[in-house]
Structure formats: C-alpha cells, structure tokens
Amino acid sequence: MKGKIFIVGIGPGAREHISLRALEALEEADIIIGYKTYTRLVAGFVDKKKIISSGMRQELARCREALQLLHDGKQVALISGGDPGIYGMAGIMLELIEREKADVEVEMIPGITSCIAAAAILGAPIMNDFAVVSLSDLLTDWELIKTRLECAARGDFVVCIYNPRSKTRTTQIEQAREILLGYRDKATPVGIVRNAMRDDQSRIITTLEKMLSHPIDMTTTIIIGNSKTLVAHDRMMTPRGYIL
Ligand SMILES: C[S@@+](CC[C@H](N)C(=O)[O-])C[C@H]1O[C@@H](n2cnc3c(N)ncnc32)[C@H](O)[C@@H]1O
C-alpha cells in the first residue's frame, strides 16, 4: 500500500484554532510526528500512543523518519505549529520526497500562522499590505534579512517579525528596530504577542521607541505598524482608507 503524509498546521496552540480537516488528519494518521512543543499541544486530544516527538533542530531527522514510515505504507501526520508552509516543516518534507523520488501521497493542511493569531489578539493591524520577516539567521544570511527589512520599511509595509530573539541571537531585534526607525516615526505602534492562543498568552501595545523594554523571546511575534497605524481603546489598527 502507498503511504500518505498529511503535512498539518496545528495553528498557534489551542484546539479550537485547528481546522476540522487537520483534526480529521490527526485522527486518520497511524503516526503523528513533530517537535515536542507541538506534539505536547495535540497530546490532549489524540491517541498518545501514536505520537513520536523530537527536539529542536531535528527537522531533517523527523522528515527521514516520516519517509521511512511512508515506505512501510503508513499514514503519517507531520505537524508544524502555525502553518506548515511558513517557516514550518512543509518545504523540507517536500524537498526530501523529491530528492528520494518517493512515491507517496501528500496532503497539505494549512494552519493559522502566528502573525494572523497575533493580529487578532492586537486588533486589526494588518489590514493593509504587510511583510513577514524572520530574524533567524541560522539558514538565511543576516545581510539579506537586513535588506528585506529595509525594503519593507521603505515600502511602508506593516512588518510582522518571527523568531525575534533567542538566548543566543539577541542583537538582531535591536538592528531590526534601528532599520525601521530609519523610515518610521518613533511613536509608530508596535504589538508584542507572546504565546498567542495558549494558556500563558500575553500582549503589549507599545511604540517603536519603547519596544525593547518589554520581554521578547522565541515565543513572541511582533507587529510593527505602518505610517497610518493607530491605537484606540487598547487596540491596534491600520486603516485601509475607507471614508467613515
Ligand atoms: C520557526 S517559526 C514557526 C512559525 C510557524 N510555522 C507559524 O506559521 O506560525 C517560530 C516563530 O513563530 C512565532 N510563534 C510561533 N508560535 C507562536 C505563538 N503561539 N505566539 C506568538 N508567536 C509564535 C515566534 O516568532 C517563533 O519564534
């Protein structure tokens, strides 16, 4: 029997933010594979016996393990937090399937990505054009990331930042802020959301000037407003230009 892989986005955390198709796939799969933070999130509502968890930076090993199970004819759900196609597991799994010329069925199931979850928590900050930039320079050259930030800042895009700061990568967010300040007022609204849609969710609305005085870590998504973004009633919003 030909194996099938579901590449599943489980959204930011809570079960109610997972799509019905994703829940069906987790049910249908013989095995669920994922990074331990995400397998922990689904462990509450799937059969724990079919879960295989692994640690950070083991993405390739996880995909190889999935491929082996697919060769044995299994149905495998490979899970990603948020959406699997946004800094998730989808690209690497498809590359491996291609490289190995594996004859497997693939179903891609989207999930709510972090900037969408964070935007909903903050108000409506990405009502107009926005750019998503990851500050992780593990796989992308830092000079290129800076160029992308510069272009987004110059184009007056709302900027959503993923992977803003880790224990070892601490200066990138400072440089990113400097680049944005080159084009935007220091009073530009900034939303900082940690652990969106999880038990320990927190949200702060601040400014480009003050954003670094708040906690920022790898569970944080930051949304930097454009030149039109406002704050009212503790909600961040970017008008599209309707005349009210
Ligand atoms: C490797 S990326 C994975 C993104 C994921 N595939 C998505 O679509 O949201 C990890 C980054 O996503 C963001 N992130 C993931 N889950 C989050 C959450 N629940 N709340 C806020 N940010 C989150 C953080 O910026 C984190 O550093």
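Remember, predicted model here, so these are calculated numbers, not experimental data.

Draft legend 1. View of helix 3 (residues 59-71). Between its terminal C-alpha atoms helix 3 stretches 19 Å, which fits the 18 Å expected from 13 residues at 1.5 Å a residue. Every buried residue of helix 3 is listed here: Arg62, Cys63, Ala66, Leu67, Leu69 and Leu70. Along the long axis of helix 3, the arc covered by the buried residues comes to 160°, so they all point the same way. Looking at the buried positions of helix 3, the neighbouring elements they touch are strand 1 (4-9), strand 2 (31-35), strand 3 (51-54), strand 4 (75-80) and helix 4 (90-99). Where helix 3 terminates, the next one or two residues include Gly73, which has phi positive at roughly 85°.

Draft legend 2. Molecular detail of the sheet that holds strand 7 (residues 130-134). One open sheet holds the 5 strands; their spatial order is 7-8-11-9-10, and the pairing between them is mixed. The open sheet has two free edges, formed respectively by strand 7 and strand 10 (202-207), since each of these has just one partner strand. Averaged over neighbouring strand pairs, the angle between their axes works out to 15° when direction is ignored. The pairing of strand 8 (residues 158-162) with strand 11 (residues 220-224) spans 3 bridges and is antiparallel. By the bridge assignment for strand 11, Cys160 is matched with Ile223. Each of strand 7, strand 8, strand 9 (189-194), strand 10 and strand 11 touches helix 5 (residues 114-122); the most contacted strand, strand 11, lies at about 65° to it. Where helix 6 (residues 142-154) meets the sheet, it contacts strand 7 and strand 8, and its direction lies at approximately 160° from that of strand 7.

Draft legend 3. Geometry of unusual backbone geometry. Backbone geometry places Lys101, a non-glycine residue, at a positive phi of 50°. For Lys101, a relative accessible area of 67% translates into the label exposed. Here the phi dihedral of Asn195 falls at roughly 50°; this positive angle occurs in a residue that is not glycine. Relative to the assigned elements, Asn195 resides in the loop between strand 9 and strand 10.

Draft legend 4. Spotlight on the pairing of strand 3. Relative to strand 3, strand 2 runs parallel, the two being bridged by 4 bridges. Across the sheet, Gly34 pairs through a bridge with Ser53, a residue of strand 3.

Draft legend 5. Molecular detail of the side chain of Lys50. Relative to the helices and strands, Lys50 is located in the loop between helix 2 (36-42) and strand 3. One buried charged side chain, Lys50, makes no salt bridge at all; its nearest oppositely charged neighbour is Glu27, positioned 5.7 Å away. Within the structure, the side chain of Lys50 is placed 2.7 Å from the backbone oxygen of Ala29, a separation counted as a polar contact. Filtering out sequence-adjacent residues up to four positions away, Lys50 remains in contact with Leu26, Glu27, Ala29, Asp30, Ile31 and Ile32.

Draft legend 6. Looking closely at the domain arrangement of the protein. Here the protein is described as being made up of domain 1 (4-112) and domain 2 (115-237). A C-alpha centroid distance of 28 Å is found between domain 1 and domain 2. The partner domain 2 presents 10 residues to the 11 residues of domain 1 that form the contact. Together, the buried faces of domain 1 and domain 2 total about 760 Å²; carbon and sulfur atoms form 65% of this surface. Of all residues in domain 1, the largest losses of buried area upon contact with domain 2 belong to Pro12, Tyr87 and Ile112, amounting jointly to 57% of the total for that side. Counting every contact that joins domain 1 to domain 2 gives 0 salt bridges. For the pair domain 1 and domain 2, the interface holds 3 residue pairs in polar contact (both at pLDDT 80 or more).

Draft legend 7. Local environment of the sheet that holds strand 3. Here 5 strands make up an open sheet; going across it, the order is 3-2-4-1-5 and the pairing parallel. Two strands lie at the open edges of the sheet, namely strand 3 and strand 5 (105-109), each paired on one side alone. Strand-to-strand twist in this sheet, taken as the mean axis angle between neighbours without regard to direction, amounts to 20°. Sheet contacts for helix 3: strand 1, strand 2, strand 3 and strand 4; angle to strand 2, the most-contacted strand, approximately 170°. Set on the sheet, helix 4 makes contact with strand 1, strand 4 and strand 5; between it and strand 1 the angle comes to about 160°.

Conventions we followed
- Residues numbered from 1 in each chain as written.
- Predicted model: local features only at pLDDT ≥ 70, side-chain atom pairs only at ≥ 80, totals over all residues.
- Heavy atoms only, no water.
- Helix = DSSP H or I, 4+ residues; strand = E, 2+ residues; numbered from the N terminus.
- Expected span 1.5 Å × (residues − 1).
- Buried < 20%, exposed > 50% of the residue type's maximum accessible area, 1.4 Å probe, protein only.
- Arc of directions from axis to C-beta.
- Contact = heavy atoms within 4.5 Å.
- Pairing = 2+ DSSP bridges.
- Axes fitted to C-alpha atoms, helices over the stretch in contact; angles between N-to-C directions.
- Lys, Arg positive; Asp, Glu negative; His and termini not counted.
- Salt bridge = Lys/Arg side-chain N within 4 Å of Asp/Glu carboxyl O.
- Polar contact = N/O pair within 3.5 Å; in protein donor to acceptor, adjacent residues only side chain to side chain.
- Domains from an automatic or database assignment.
- Buried area = accessible area lost by both parts, 1.4 Å probe.

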